[in-house]
Amino acid sequence: MTQHSSAAPAAAVGVGDPVLQTVGVTKSFGGVHALKGVDFELRAGEIHTLVGENGAGKSTLIKVLTGVYTPDGGEVRYAGETVHFRRPSDAQHVGISTIYQEVNLVPLLSVARNIFLGREPRRFGLIDVGAMNRRARELMAELGIDIDVTAELGRLGLGAQQMVALARAMSVDSRVVIMDEPTSSLESAEVDTLFRVARGLRDRGVGLVFVSHRLDELWELCDRVTILRDGEWVHTGPMTEMTRLDLVAKMLGRDIEEVRAEGATEFGSSHLQGGEPALLVSGLEVANRLHGVDLTVRPGEVVGLAGLLGSGRSETVKAVYGALKARSGEVTVAGRKVRTGSVRGALASGIALLSEDRKAEGIVPDLSVRDNIALAVLPRMSRAGVVSEARIDALVDTFMKRLRIKASSPDQKVRELSGGNQQKVLIARWLATEPTVFLLDEPTRGIDVGAKAEVQGLIDELAEQGLAVVLISSEMDELVEGADRIVVLHDGHVQAELDSTDLSSSELLAALAGDRETDSQTSTQAEGQHA
Amino acid sequence: MSDGTATATVADRSERSGTRFDIDWVRRNGVFVALGLLLLANVFLTENFVSTGTLRLQLVQVAPVVIVALGMALVIGTEGIDLSVGAVMALAAALIPLYVGYGSVGAIAIGLVAGVVVGLIAGVLVGVVGVQPIVATLGLMVAIRGVANLFGGEIKSIREPGLVSLGTGDVAGVPYVVVIAAVVSLVVWLVVRRSTYGRQLVAIGGNKLAARLAGLPVRRVLVTTYVVSGLLAAMAGILLAARSQASDPTKLGQLMELSAITAVVIGGTPLSGGQVRILGTIAGALLMQLITATLIFHDIPDSTAQIVQAVIVIGAVYVQLGRGKARRS
Amino acid sequence: MSTTMVDPATSNAPESALANRARFASLVQRQGALAIFVVVVAVASVSFDSFASQGNITGIAVQASFLAMLALGMTFVIMTGGIDLSVGSVFALGGVLAAWGAQHGTLVAFVLPLAVCGAIGLVQGLVIARGALPPFIVTLAGLLFARGLLLLLSDEGATTYKVPRGSSFRELAQGELLGIPYPVILVVVFFAIGGLVLHRTSYGASVLAIGGQEDAADLMGLPVVRTKVLTYVASALLAGFGGVMIASYTSSGVTILGVGTELEAIAAVVLGGTLLTGGAGTVLGTLVGVLLLQVIKNVINQIGSLDSDWQSVVSGTILLLVVTLQRVLTRGDRT
């Protein structure tokens with residue numbers, strides 16, 4: 001083990017000079033070209049965003065820059081000199097730090113240990129725990145974050161963990177910080193802190209790469225943008241010269257006019273409404289999370305659930321679905337009472353939940369598309385415990401066509417599909433249960449723009465067919481355009497209900513931000529308790 | 001997973017499948033090829049190999065391993081492991097001489113019930129309480145071996161004619177033991193391929209959380225699986241005792257858990273769950289048996305045989321998993 | 001991702017019952033074995049006059065010292081999220097090599113077993129860390145390999161090598177300092193070093209990080225491969241050294257030793273509160289786990305009327321009870 005906290009770059013790099021570059025980098029996987037000669041240039045003292053659809057090669061490029069992948073061709077230059085990173089540690093040694101979307105730290109170790117892992121301050125050859133904790137505290141103070149550095153990392157909220165990752169990056173005196181979707185799990189106050197720190201780093205001459213699916217953030221934070229499409233470089237330029245429409249058009253390789261005609265989302269106007277409520281939730285309470293949530297959804301209605309992180313959006317749908325134990329409250333579907341606290345009870349009553357975490361809670365990666373679609377309806381596809389292959393084939397065929405699932409065959413493993421197609425498989429799984437109420441938790445997160453549009457269109461279609469839909473999304477546009485009505489949650493109870501027919505994004509924002517002062521306070525507390 | 005690989009597969013699968021085909025084929029069928037080659041080599045190189053006596057002996061010896069390994073394959077399919085099988089074999093066998101007074105059927109039934117009970121305890125610990133399979137079955141392995149010794153004491157011989165004929169008799173020249181192993185294999189194969197339970201088992205092994213959210217009866221499937229494993233282990237223990245006409249609770253079934261796991265893994269079922277390969281498991285058991293036998297035929301001492309086995313296990317697993325690394329990155 | 005749906009732990013009531021429960025659970029996790037140990041010792045001291053005698057306690061300590069060596073290595077292996085099934089065989093192999101080597105001098109009796117066992121650990125470590133094969137399978141093969149090698153050396157187990165009379169090698173496990181047998185002193189020293197290594201060196205930090213989140217450890221630039229290889233080498237060396245000690249203690253290379261000892265070692269580690277998933281635990285807990293298992297054996301021997309088979313029944317049951325308790329208490333606290 002060596003201490004490499006002060007690894008200095010090969011040469012001094014002035015602000016505005018290129019610090020990290022790729023020249024004609026290529027990378028392929030099993031004959032498929034993920035990067036086809038990409039040029040990229042990051043300057044010292046700028047925040048540079050990397051934009052592209054899923055599959056455009058963003059992640060691959062980032063992994064090349066950080067030493068996770070070695071490029072097949074072309075070169076990577078750091079401070080003007082060609083470098084060959086074989087492992088992530090090689091990149092770190094020269095001063096490139098990375099912050100990932102899913103926090104890549106060790107949950108069972110303390111905050112301080114996580115910050116200094118591999119570079120612990122030492123005394124007589126042994127780790128100096130006192131000095132380590134003290135320096136960690138100093139760093140946190142510098143970041144303006146109040147966290148107990150001796151606490152187990154896993155007991156902190158995701159936002160706080162992200163801050164620890166940032167502190168780690170700062171502690172190595174990095175010349176380059178790469179942030180791959182760092183904000184996707186952050187609450188907006190935490191996003192503000194992150195941006196403040198990022199700008200501080202930029203002003204000190206650090207070069208930052210920033211990737212985010214939330215387009216608004218790009219204009220707020222970034223100086224320049226590089227757009228990739230299908231593994232190729234498309235555009236690099238200042239952020240200020242880009243309009244939103246421009247950006248989307250370049251990402252998709254479509255004409256601006258075409259994009260403009262279709263609107264930002266794929267949602268149509270309002271849906272059929274009326275009739276008896278399909279879903280009626282009253283006084284739903286979950287220990288420490290929900291304090292009496294009421295919700296009514298009629299057939300054919302799309303109800304948006306809005307709220308900041310920690311407001312209880314996901315908890316609400318999970319409790320309705322029985323995946324989270326409710327302390328009290330009543331759920332009825334089409335007038336019939338649902339047994340709470342039981343997923344199987346909820347399913348039997350006609351509730352389906354497309355959960356937020358596709359990978360962990362959704363797909364069974366090694367099973368085929370076919371088996372994934374049929375998963376929830378196996379008993380219905382069986383007689384006397386024996387599965388009817390013919391019935392499953394018919395079911396799978398219907399849904400693959402209806403949802404336009406792109407797979408080589410129904411027998412292809414789900415892990416091999418793109419994120420968007422995986423999401424469609426999951427939607428098919430739930431539609432196969434013939435639900436009355438469909439709960440969708442971030443159905444378009446992390447899927448490419450094309451699939452996003454298709455999923456949005458599908459939600460519309462399902463509502464038109466009379467399904468009662470609850471839609472959770474962190475994207476304002478999606479809620480405003482997709483939902484008929486928006487229920488705003490705050491701290492585990494309903495704060496407002498908005499009719500979205502004549503609602504604008506900014507009005508929704510105002511409603512969300514309504515009680516700003518108390519909100520940020522309580523959510524900080526909540527983060528502390530989050531395990 | 002990188003976005004590059006994810007979409008790449010869809011976009012350009014035809015090109016990719018060309019290279020993937022061979023690897024997958026080796027992974028899936030390597031064990032059969034190896035078995036075939038070894039059989040062929042023996043036909044030419046081993047004297048008297050092609051004789052009913054030799055083949056019969058090999059099959060009789062491998063039958064209990066196959067039965068235990070099938071249960072193990074199911075457990076491993078759920079991302080679990082069952083270290084208690086050897087002890088369960090000993091327990092079931094130890095009970096036989098004690099209850100032989102109830103007739104052979106009664107004694108066998110009691111032995112099988114004991115296996116079911118141990119499986120139930122394991123299943124509840126794993127499926128309901130949530131103890132890690134390796135720890136739960138390790139504790140059971142230690143405890144049940146002790147219980148078997150307490151019941152069985154020293155070696156007891158088994159003379160009840162029904163049991164003796166179960167162990168040594170045959171139907172149309174095929175030993176009962178082999179017939180039973182074949183029937184069990186067929187049933188388990190059908191269960192995995194065609195039953196709702198089998199499908200659910202594989203899904204649970206592949207992603208437990210997703211399975212639970214899809215409304216699958218996770219606990220029930222897990223408990224059932226360990227019960228099946230216990231039942232099959234008890235069956236194997238009884239057959240082994242009947243064949244040797246004795247039950248030795250200290251020795252019987254020792255290291256059987258390792259043989260069974262080896263057969264399953266060599267047969268291509270990953271330890272990470274989500275897949276069950278029944279034919280592979282049977283072939284895996286046969287392969288290991290044949291390797292041992294081949295070494296014995298050629299007067300290679302036990303010690304060397306073990307070393308060779310060790311190398312083969314690593315080699316086989318390497319073939320199956322070695323290239324998985326490339327896929328992961 | 002560290003959050004899952006079943007976990008209702010986000011709270012805005014800072015000091016909830018949940019936190020207390022979590023604290024209690026973590027106490028049971030870490031100190032459960034200690035509590036049982038204290039109770040067993042207390043009851044045994046009252047019930048049997050002979051239990052608390054100096055001779056008996058020394059006996060327990062010496063008997064436990066061999067398993068302790070294996071369990072120490074196993075603790076590190078399990079903390080990296082791995083498992084080492086080969087230690088029982090390696091332990092026996094080390095003993096046979098030491099006894100054989102003692103005929104050629106005390107130095108050989110030390111160096112030879114450590115060299116061979118270290119090499120086995122090195123190969124296992126490389127295959128696991130570089131080849132990315134599952135530790136369970138690799139060390140299972142290691143178990144067969146080491147046992148095979150042992151049989152090969154001892155004419156299929158027929159020969160038991162003796163440590164020559166008057167050989168200074170016997171001193172290692174039969175000698176004592178201030179009335180304390182060397183093996184006991186060695187265990188104390190090794191565990192002290194083990195604790196220091198785990199908590200105060202970067203190697204130890206890497207061990208915990210790899211067990212906690214291997215991908216993260218890799219991305220943070222920790223030497224994952226090297227750490228794992230070192231850990232399996234250390235485990236094999238400790239097992240081999242345990243064998244050296246027992247060869248010195250029994251003055252011979254007993255070939256039938258060590259069958260199932262790997263499982264005892266695992267049981268001791270788990271009893272001691274180390275998570276089998278890796279990433280957390282203490283070496284001191286492991287020592288308590290080892291002592292608990294040994295005391296149970298001793299107590300059952302003291303109860304003359306009880307069959308020695310009760311040992312395994314009681315050990316197994318206690319293991320199951322402790323892990324069940326850990327599980328039940330940590331439920332809801334888990335992420």
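Parameters at a glance
Residues numbered from 1 in each chain as written. Chains lettered and ligands numbered in written order. Predicted model: local features only at pLDDT ≥ 70, side-chain atom pairs only at ≥ 80, totals over all residues. UniProt positions renumbered as here; feature names shortened; annotations may be inferred. Helix = DSSP H or I, 4+ residues; strand = E, 2+ residues; numbered from the N terminus. Buried ≥ 20, exposed ≤ 12 C-beta atoms within 10 Å, placed from the backbone. Contact = placed C-beta atoms within 7 Å. Pairing = 2+ DSSP bridges. Domains from an automatic or database assignment. Nonpolar A, V, L, I, M, F, W, Y, C, P; charged D, E, K, R; others polar. Core = buried A, V, L, I, M, F, W, Y, C linked by C-beta atoms within 7 Å. Axes fitted to C-alpha atoms, helices over the stretch in contact; angles between N-to-C directions.

In the nomenclature of an unreviewed UniProt entry, chain B is known as ABC transporter permease of Nocardioides abyssi. Of the comments in the UniProt record for chain B, the one headed Subcellular location (unreviewed entry) reads "Cell membrane".

Within an unreviewed UniProt entry, the label attached to chain A reads Sugar ABC transporter ATP-binding protein, and the organism entered is Nocardioides abyssi.

Colleague: Just checking my understanding: could you explain the overall build of chain B for this structure?
Modeller: Looking only at helices and strands, chain B has 15 helices and four strands in total. In chain B, which comprises 329 residues, the proportion classed as buried is 55%. Within chain B, contacts between residues at least 6 apart in sequence are counted, and of these 77% link residues at least 24 apart.

Colleague: Help me out: how do you make sense of the pairing of strand S11 (residues 224-229) of chain A in this one?
Modeller: In the case of a regular strand, side chains alternate between the two sheet surfaces. All names here are of chain A. Strand direction decides the pairing type here: strand S3 (residues 47-51) and S11, joined by four bridges, are parallel. Pairing of Leu50 across the sheet is with Thr226, part of S11. Here six bridges tie S11 to strand S12 (residues 232-238), and the two strands are oriented antiparallel to one another. For Ile227, the partnering residue across the bridge sits in S12 and is His235. Counting the residues in the hairpin turn of S11 and S12 gives two residues, including Asp230, whose phi is positive at 50 degrees.

Colleague: Looking at this model, I keep getting lost on the environment of A:Asp366. Mind explaining?
Modeller: Examined against the element boundaries, A:Asp366 turns out to sit in the loop between helix H12 (358-362) and helix H13 (369-374). Considering only alpha carbons, one finds A:Asp366 and A:Asp148, 218 residues apart in sequence, at a separation of 40 Å. For A:Asp366, the residues in contact, after removing those within four places along its chain, are A:Lys413, A:Arg415, B:Gly206, B:Gly274 and B:Gln275.

Colleague: Which parts of the structure should I look at to understand the domain arrangement of chain A?
Modeller: All names here are of chain A. One can read the domain layout of chain A as domain 1 (18-104 + 172-261), domain 2 (263-350 + 436-531) and domain 3 (359-434). Taken together, the contact pairs 11 residues of domain 2 with nine residues of domain 3. In terms of residue count, helix H16 (residues 449-464) provides more of the side of domain 2 that touches domain 3 than any other element does, five residues in total. Of the residues belonging to the side of domain 2 that touches domain 3, the class tally is seven nonpolar, two polar and two charged.

Colleague: Whenever I open this one, the pairing of strand S10 (residues 207-211) of chain A confuses me. Can you help?
Modeller: All names here are of chain A. Judged by how many residues are buried, S10 sits mostly within the fold: five of five residues are covered. Side chains Gly207, Val209 and Val211 of S10 all project onto a buried face; the interleaved residues Leu208 and Phe210 project onto the opposite face, where all are buried too. In terms of strand pairing, S3 meets S10 through three bridges, oriented parallel. Bridged to Ile47 within S10 is Leu208. Note: strand S9 (residues 176-180) against S10, five bridges, orientation parallel. Residue pairing across strands places Val176 opposite Gly207, the latter belonging to S10.

Colleague: Please clarify how the nonpolar core should be interpreted in this entry.
Modeller: Note on soluble globular proteins: their nonpolar side chains tend to be buried together. Residues A:Leu439, B:Met89 and B:Leu91 are the most contacted members of the largest nonpolar core, which totals 381 residues. With 18 residues, the single largest contributor to this core is helix H11 (residues 218-244) of chain B. For B:Leu91, the residues in contact, after removing those within four places along its chain, are B:Ala114, B:Val118, B:Ile144, B:Val147 and B:Ala148.

Colleague: Where do I start with the sheet that holds strand S21 (residues 437-441) of chain A in this structure?
Modeller: Residues and elements named next belong to chain A. Read from one edge to the other, the open sheet built from six strands follows the order S18-S21-S22-S15-S23-S24, with strand pairing classed as mixed. Taken across any chain shown, the strands that pair with only one partner, and hence form the sheet edges, are strand S18 (351-354) and strand S24 (493-499). Recorded for the sheet is a direction-independent mean angle of 20 degrees between the axes of neighbouring strands. Packing against the sheet, helix H10 (residues 313-321) makes contact with strand S15 (302-306), S18, S21, strand S22 (468-472) and strand S23 (485-490), and its axis sits at approximately 145 degrees to S21. With respect to the sheet, H16 is in contact with S15, S21 and S22, its orientation differing from that of S22 by roughly 150 degrees.

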